[in-house]
Structure formats: C-alpha cells, structure tokens
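# Survey of secondary and tertiary structure
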Amino acid sequence: MGDGKPRRNTRQRQVVLEELRKLASHPTAVELYEIARRRLPKISLATVYRNLELLTRMGIARKLETRGGQARFDGDLDRHYHVRCVNCGRVDDVRGLPDNPVNGAVEEVSGYDVQGFRLEFFGVCPGCQGKFETETEDGGFNPQGYEVHERSGDV
Ligand SMILES: [Zn+2]
Ligand SMILES: [Zn+2]
C-alpha cells in the first residue's frame, strides 16, 4: 500500500478514462495509447488495453464489439446506438431512437427475462459516399465485375 505503484496505476487509469471521455470517435486501444502517451510518456499499450478492459468491467466505459477490426471503446454511457462505416471503419453515435424497440416482443416469444440487446448499424459514412462517387466516374476498379462477366459468358 505504501509504495508508489498502486498510485501510479490509478493515475494511468484516470488518464485513460479522461482521454477516452474527451473523444467522440470511439477510439481503439492503439489510438488511445497514442494520445495517453503524450501525458504519460512511460505508459505502455498493454497498460492502456488492460485499463480499458478494467473500465469496461467496472461499467465506466463501453467496449464496442464490431464485426471485424479492432475493438473500440466509448466513454459515453448514455444510451445510444452506433453506426459503422464499412469503408473506413469509423463509428458514429446514433441518438434519438426509441429506447426499447424489441425487448417486450422478444420476451413474449422466448419467455426470457431480456436484460438487453446489441444492435449494430453499418453503412457508408458521408465522407466515403463522396469518394465512391468519384471512383465510379473515373471507371474505377470493380472487384465483382469479372464474376458477372464470366457467368454471362456461360449462357
Ligand atoms: Zn467512411
Ligand atoms: Zn458512442
């Protein structure tokens, strides 16, 4: 108790949480590590990751389990949903949706006492929509195109 180690760990956790709460971008552990390092040059990626997991277990932060890619973290505990861009991977908040759109219906059908659910939206973010338009106009690379061509050749 008397030595400085527990205090240092607390300080690291505090910095990780403070920086997480400043960001609306749902950073990965690596992104948060780059930021935390400016305040605590000796902090390691493993420490940042461990603290994020701990904060999540304590219910102080949220871990976003998105399909593919690294886990992202959210310091905003207000009820909200997330939408992920399938092109660049950015994650934005979705607010103002109904609180509990399905729980009642699921309880009725399953007999479970439903405690929660995960809902992940995905699509193309405003920034990437512009990019796609440009690529199409240039006659850009279409990876699916040749497959269609092959099939039509069989007929
Ligand atoms: Zn995007
Ligand atoms: Zn969020």
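Residues numbered from 1 in each chain as written. Chains lettered and ligands numbered in written order. Predicted model: local features only at pLDDT ≥ 70, side-chain atom pairs only at ≥ 80, totals over all residues.

## Observations regarding the overall build of the chain
Test applied: Each helix is a run of H or I in the DSSP string that is no shorter than four residues. Each strand is a run of E no shorter than two, and both are numbered from the N terminus. Burial is judged by counting the other C-beta atoms within 10 Å of a residue's own C-beta: 20 or more makes it buried, 12 or fewer makes it exposed, and any count in between marks it as partly exposed, with every C-beta position built from the backbone. Contact definition: two residues whose C-beta atoms, as placed from backbone geometry, lie within 7 Å.
When helices and strands are counted, the chain shows six helices and five strands. In the chain, the succession of α and β elements from N to C terminus is α-α-α-β-β-β-β-α-β-α-α. Counting the 155 residues in the chain, one finds 15% classified as buried. Restricting to contacts in the chain with at least 6 residues of sequence separation, those with at least 24 account for 47%.

## With respect to the nonpolar core
This is how it is decided: In these notes, a nonpolar core means any group of buried Ala, Val, Leu, Ile, Met, Phe, Trp, Tyr and Cys residues linked to one another through C-beta atoms within 7 Å.
One finds Val 15, Val 16, Leu 17, Leu 20, Ala 29, Leu 32, Tyr 33, Ala 36, Val 48, Leu 52, Ala 61 and Phe 73 forming the largest nonpolar core, which totals twelve residues. Sorting the residues of this core by element identifies α1 (5–22), α2 (29–39) and α3 (45–57) as the ones contributing at least two each. Among all residues touching Phe 73, those that are not within four sequence positions of it are Leu 20, His 26, Pro 27, Leu 32, Leu 52, Ala 61, Arg 62, Lys 63 and Leu 64.

## Section: the sheet that holds strand β4 (residues 91–94)
The test is simple: Between any two strands, at least two bridges found by DSSP are needed for them to pair. The axes are straight lines fitted to the C-alpha atoms, using for helices just the contacting stretch, and the angles between their N-to-C directions are given from 0 to 180°.
The strand order across the open sheet built from three strands is β4-β3-β5, with neighbouring strands paired in mixed fashion. Of all the strands in the sheet, the pair left with one neighbour each is β4 and β5 (120–123). In this sheet, neighbouring strand axes are inclined to one another by 30° on average, regardless of whether the strands run parallel or antiparallel. Note that strand β3 (residues 81–85) and β4 share four bridges and pair antiparallel. What sits directly across from Tyr 81, in β4, is Val 94.

## Remarks on unusual backbone geometry
Here the phi dihedral of His 26 falls at roughly 55°; this positive angle occurs in a residue that is not glycine. Following the sequence through the fold, His 26 ends up in the loop between α1 and α2. His 26 gets classed as buried once you count the C-beta atoms within 10 Å, which come to 22.

## Observations regarding the confidence of the model for the chain
Caution is warranted with low-pLDDT regions, since their predicted coordinates should not be read in detail. Short version of the rule: The predictor attaches a confidence to each residue, called pLDDT, with possible values from 0 through 100.
Overall, the prediction assigns the chain a mean pLDDT of 81, with 77% of residues at 70 or greater. α2 holds the highest mean pLDDT among the elements of the chain, 97, whereas helix α6 (residues 145–154) holds the lowest, 38. Every residue in residues 134–155 scores below 50 in pLDDT, and together they form one contact with partners more than four places removed in sequence or on other chains.

## Examining the pairing of β3
The turn linking β3 back onto β4 is made up of five residues, and Gly 89 within it adopts a positive phi angle of 85°. Inspection of the sheet shows β3 paired to β5 by four bridges, in the parallel sense. Opposite His 82, over in β5, you have Glu 120 as the bridge partner.

## Section: α3
We apply this condition: Multiplying one less than the number of residues by 1.5 Å gives the expected span of a helix. Directions drawn from the helix axis to the C-beta atoms are what define this arc.
With 13 residues, α3 should reach 18 Å at 1.5 Å per residue; the first-to-last C-alpha distance of 18 Å fits that figure. Within α3, burial applies to Val 48, Asn 51 and Leu 52. Along the long axis of α3, the arc covered by the buried residues comes to 105°, so they all point the same way. Opposite the packed face of α3, turned more than 90 degrees from it, sit the exposed residues Ala 46 and Arg 57. Of the residues trailing α3, Gly 59 is marked for its positive phi of about 80°.

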